[in-house]
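# Fold and contact review
Here's the letter readout for the chains.
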Amino acid sequence: MHRILLIDDTPEIAELLTFALRDHGYEVYSSGYTTGVNDLVLEQRADAIVLDCSAYDMSEAIFDAVRNHSNHSELPVVIISDTPEIADVSLRSRKARNVLLVPKPFTGAQVAKALGQLLE
């Protein structure tokens, strides 16, 4: 079973997404916005991260922190974004790998599918 670290700054959405991903067979650990993401990845032994922050620059900061950590530079990341065009340009400029965007509005099934693609 894959272990997922879900970072979401809206507790109600985090709860719903946690239930949806668990229904798809993932073990989910949830956190609010944090700059200590790499400690959480290590602590939870996460196989992937799902980022859903209300402002893309919050997700971007977390993504950069993960990618700049030597042990997590290839960790799969799903970013849920209400500005997918901006996120796409930002990720392309970073030549980001092992990352997929899921535009808002989204379903748990869409996020689970993206995780499945990254974790294959």
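Residues numbered from 1 in each chain as written. Predicted model: local features only at pLDDT ≥ 70, side-chain atom pairs only at ≥ 80, totals over all residues. Heavy atoms only, no water.

### Looking at unusual backbone geometry
Note: most peptide bonds trans; most residues except glycine with negative phi. With an omega of -5 degrees, the peptide bond running from Lys104 to Pro105 counts as cis. Relative to the helices and strands, Pro105 is located in the loop between strand S5 (99–103) and helix H5 (108–119). Phi at Lys95 is positive, roughly 55 degrees, even though this residue is not glycine. According to the relative accessible area criterion, Lys95 is exposed, its value standing at 67%. Within the chain, Asn98 stands out as a residue other than glycine whose phi angle is a positive 55 degrees. Structurally, Asn98 can be placed in the loop between helix H4 (84–93) and S5. (Helix = DSSP H or I, 4+ residues; strand = E, 2+ residues; numbered from the N terminus. Buried < 20%, exposed > 50% of the residue type's maximum accessible area, 1.4 Å probe, protein only.)

### Structural notes on the pattern of salt bridges
Two side chains with opposite charge may pair up if their charged atoms get near one another. Using the criterion set out here, one finds 6 salt bridges in the structure. The closest approach of N and O atoms between Glu60 and Arg94, which form a salt bridge, is 3.1 Å. Here Arg94 lies in the loop between H4 and S5 and Glu60 lies in helix H3 (residues 56–67), a separation of 34 residues in the sequence. Classification of Arg94 as partly exposed rests on a relative accessible area of 31%. Between Arg94 and Asp64 there is a salt bridge, and its shortest N-O distance comes to 2.6 Å. (Salt bridge = Lys/Arg side-chain N within 4 Å of Asp/Glu carboxyl O.)

### Focus: H5
With 12 residues, H5 should cover 16 Å at 1.5 Å per step; its first-to-last C-alpha distance of 16 Å lies within 8% of that length. Restricting attention to buried positions, one finds in H5 the residues Gly108, Val111, Ala112, Ala114, Leu115, Leu118 and Leu119. For H5, the buried positions fall inside an angular range of 160 degrees around the axis, keeping them on one side. (Expected span 1.5 Å × (residues − 1). Arc of directions from axis to C-beta.)

### Points about the confidence of the model for the protein chain
For the protein chain, the mean per-residue pLDDT works out to 92, and 100% of the residues sit at or above 70. Here H3 is the element of the protein chain with the lowest mean pLDDT, 88, and H5 is the one with the highest, 98. (pLDDT = per-residue confidence, 0-100.)

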